[in-house]
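What follows is the residue order along each chain.
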Amino acid sequence: MSASASVTARRLAAAALTAGALVSVVTLPASAADHARPERSKVQISAVQYDSPGRDDRSNRSLNREWVEVTNTARRAVNLDGWTLEDEDGRTYTFDHYRLEGRSTVRIHTGHGRDTDTDLYQDRRHYVWDNHSDTATLRNDHGRFIDDESWGHHRHGGGHHHGGRHHR
């Protein structure tokens with residue numbers, strides 16, 4: 001075999017190996033997706049109404065127009081008993097014996113009301129969520145971070161604002 005034929009054979013072999021490697025990389029995700037994995041629940045903060053519409057007069061109606069929505073995007077229900085929703089100042093709402101059905105949303109209002117499958121109430125007499133900047137953090141019953149939603153923070157190095165709340 002001549003030197004040039006040997007080089008050509010090596011190049012062909014290398015090209016075939018490379019093509020084979022690419023094919024196997026491309027087929028790996030498809031074959032991994034074929035294996036049925038248990039569905040992981042996906043609970044997230046889906047919306048926040050931190051600035052109650054209308055005058056901030058601390059009426060129960062106004063307090064209940066301030067809310068956070070939590071959505072379960074999975075098919076299976078999730079037991080939220082012991083889960084918490086907290087603001088930056090440490091005000092915490094703890095879910096008590098509540099089960100969030102699959103593909104559904106619950107709205108957690110700040111004021112007083114009668115809990116239902118779709119609406120829960122913190123039973124507070126003061127606003128929780130700061131109009132200018134705050135973070136709503138959702139944790140499970142083991143205190144593990146699940147999701148958060150922030151608003152009004154400086155994007156470039158401003159960090160979180162603690163101290164004097166400019167709320168209402």
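That block above? That's the structure.
The model shown is predicted, which means the values in this text are computed figures rather than measured ones.

The subject of this paragraph is the packing of aromatic side chains. Counted under the stated rule, the structure contains four aromatic pairs. Ring centres of Tyr-50 and Trp-151 lie 4.6 Å apart, and the angle between their planes is 5 degrees; on these two criteria the pair is classed as stacked. In this pair, Tyr-50 is assigned in the loop between strand 1 (43-49) and helix 2 (60-64) and Trp-151 in strand 10 (residues 145-151), connecting sequence segments 101 residues apart. The exposure class assigned to Tyr-50 is partly exposed, which follows from its relative accessible area of 28%. With a centroid separation of 6.4 Å and an interplanar angle of 35 degrees, the aromatic rings of Phe-95 and Tyr-98 are classed as tilted. Judged by its relative accessible area of 1%, Phe-95 falls in the buried class. One aromatic cluster is present, built from ring pairs that chain together Tyr-50, Trp-129 and Trp-151. The lysine or arginine in question, Arg-107, covers the ring of Trp-67, its NZ or CZ lying 3.7 Å from the ring centre.

A few words now on the sheet that holds strand 7 (residues 104-109). Here four strands make up an open sheet; going across it, the order is 1-2-7-8 and the pairing mixed. In this open sheet, the two edge strands, each paired with only one partner strand, are strand 1 and strand 8 (119-121). Going from strand to strand, the sheet's axes swing by 25 degrees on average, the running direction of each strand aside. Relative to strand 7, strand 2 (residues 67-72) runs antiparallel, the two being bridged by six bridges. Note that in strand 7 the partner of Thr-71 across the bridge is Thr-105.

Procedures and definitions
- Residues numbered from 1 in each chain as written.
- Predicted model: local features only at pLDDT ≥ 70, side-chain atom pairs only at ≥ 80, totals over all residues.
- Heavy atoms only, no water.
- Phe/Tyr/Trp six-rings, centres within 6.5 Å; stacked < 30°, edge-to-face > 60°.
- Helix = DSSP H or I, 4+ residues; strand = E, 2+ residues; numbered from the N terminus.
- Buried < 20%, exposed > 50% of the residue type's maximum accessible area, 1.4 Å probe, protein only.
- Lys NZ or Arg CZ within 6 Å of the ring centre and 35° of its normal.
- Pairing = 2+ DSSP bridges.
- Axes fitted to C-alpha atoms, helices over the stretch in contact; angles between N-to-C directions.

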